[in-house]
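Results of the structural survey
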Amino acid sequence: EGSTPAAAREFYQRVHAFAEEMSVLGQRPLFCLAAQIEALAYDLHAFPEQINPSILRTLSQALDFFAGLLPDTVRNRLKDPSAAQVLIVDDEEGARKIIMAAMRLGNLKSVAADTPTTALAALGVQGFDLIFLDVGLPEMTGFELCSKVRMLPLHEKTPIVFITGMATFQNRVQSSLSGGNDFVGKPFNISELGLKALIWVFRGQLGQI
């Protein structure tokens, strides 16, 4: 047990040093991604009780994705994330505020919808780079809404991340079958949300959907 805090601290320090290096070199996309990994690493070091399967899964995804960005030919295709637009669909005001705050920390712009009808109206006229979609919505489930989103010409391949407090295997299978790309669990960790968003925005830029 004594080695776990030390390992977490070392991981945080290494990511912090890399983030600073990317900032100095003007590699803004990599800096933004490294800064979010750093923020999550700090949370895990300072508040180990927050560690849960969703956070560990997101961190693992981030490190795997980061490794694939090291070749210049890949890294140079990334764009500043501040130009990206994220749509958040959740009927809980508190959840919407938390996710929007997480997007700001990740240098992403976001708008929110509280019902599927409002979301579909926005999605029908505007392209988004990422959609956070609550599973438990009024009018229809998040899975049903996802299927409708996939029928819109602008959003056939837009990354969709389900938000769920019911991170069961059945929900994960259904998220894939209804056209979703990923899921994140409640209760939220703001750093995890920002990191998850950047992974999928950048994957969209690279055509890795």
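Right, let's walk through the structure included here. In this text the structure is predicted, and so the values were computed from the model without any measurement.

Procedures and definitions
- Residue positions are given per chain, counting from 1 as you read along its sequence in written order.
- With the structure being a predicted model, the display of local features is reserved for residues of pLDDT at least 70 and the display and counting of side-chain atom pairs for 80 or more, all residues being used for whole-chain, interface and lining totals.
- Excluded from the side-chain calculation are hydrogens and water; included are all heavy atoms of the structure.
- Put simply, DSSP marks the helices as runs of H or I at least four residues long and the strands as runs of E at least two long, and each gets a number from the N terminus on.
- Only protein chains enter the accessibility calculation, which uses a 1.4 Å probe. A residue is then buried if its area is under 20% of the maximum for its type, exposed if over 50%, and partly exposed in between.
- In what follows, a contact means two residues having at least one pair of non-hydrogen atoms within 4.5 Å.
- The pairing criterion is simple: DSSP has to find at least two bridges between the two strands.
- Look down the strands so they point away from you; if the path from the first strand over the helix to the second goes clockwise, the crossover is right-handed.
- For our purposes a nonpolar core is just a set of buried Ala, Val, Leu, Ile, Met, Phe, Trp, Tyr and Cys residues, chained together by side-chain atoms within 4.5 Å.
- Any Lys or Arg side-chain nitrogen located within 4 Å of an Asp or Glu carboxyl oxygen qualifies as a salt bridge.

Details of the environment of Ser175
Take Ser175: it is sitting in helix α8 (residues 169-177). With a relative accessible area of 5%, Ser175 lands in the buried category. For the pair Ser175 and Gly142, spaced 33 residues apart in sequence, the C-alpha to C-alpha distance is 8.9 Å. Beyond its immediate stretch of four places on either side in the chain, Ser175 contacts Phe143, Phe162, Gly180 and Phe183.

Looking at the pairing of strand β4 (residues 160-164)
Within β4, five of the five residues are buried, leaving the element largely enclosed by the surrounding structure. Where burial is concerned, the two faces of β4 agree: the one with Ile160, Phe162 and Thr164 and the one with Val161 and Ile163 are both buried. Of the strand pairs in this sheet, strand β3 (residues 130-134) and β4 are connected by four bridges, and their pairing is parallel. Paired with Phe132 across the two strands is Val161, which belongs to β4. On the question of chirality, the crossover connecting β3 to the parallel β4 by way of helix α7 (residues 142-149) is right-handed.

Observations concerning the nonpolar core
A general trend in soluble globular proteins is that nonpolar side chains are found buried together. Leu33, Ile37, Leu69, Met103, Leu108, Leu130 and Phe132 are the most contacted members of the largest nonpolar core, which totals 39 residues. In terms of residue count, the dominant contributor to this core is helix α9 (residues 190-206) (nine residues). In this structure, Leu87, Leu123, Leu137 and Phe162 belong to the second largest nonpolar core, which totals 18 residues.

Focus: the pattern of salt bridges
Any two side chains of opposite charge can pair, given that their charged atoms come close. Under the defined criterion, the tally for this structure stands at nine salt bridges. The salt bridge partner of Arg57 is Asp182, with a shortest N-O separation of 2.6 Å. With Arg57 in helix α3 (residues 53-68) and Asp182 in strand β5 (residues 182-185), this pair connects stretches of sequence that are 125 residues apart. Its salt-bridge partner being Asp90, residue Lys186 comes within 3.7 Å of it at the nearest N-O pair. Taken together, the residues span a long stretch of sequence, with Lys186 in the loop between β5 and α9 and Asp90 in the loop between β1 (85-89) and α5 (93-105) at a distance of 96 residues. The class for Lys186 is partly exposed, based on a relative accessible area of 25%. We classify Asp90 as buried; its relative accessible area is 0%. Through salt bridges that share partners, Asp90, Glu92, Asp134 and Lys186 make up one connected network.

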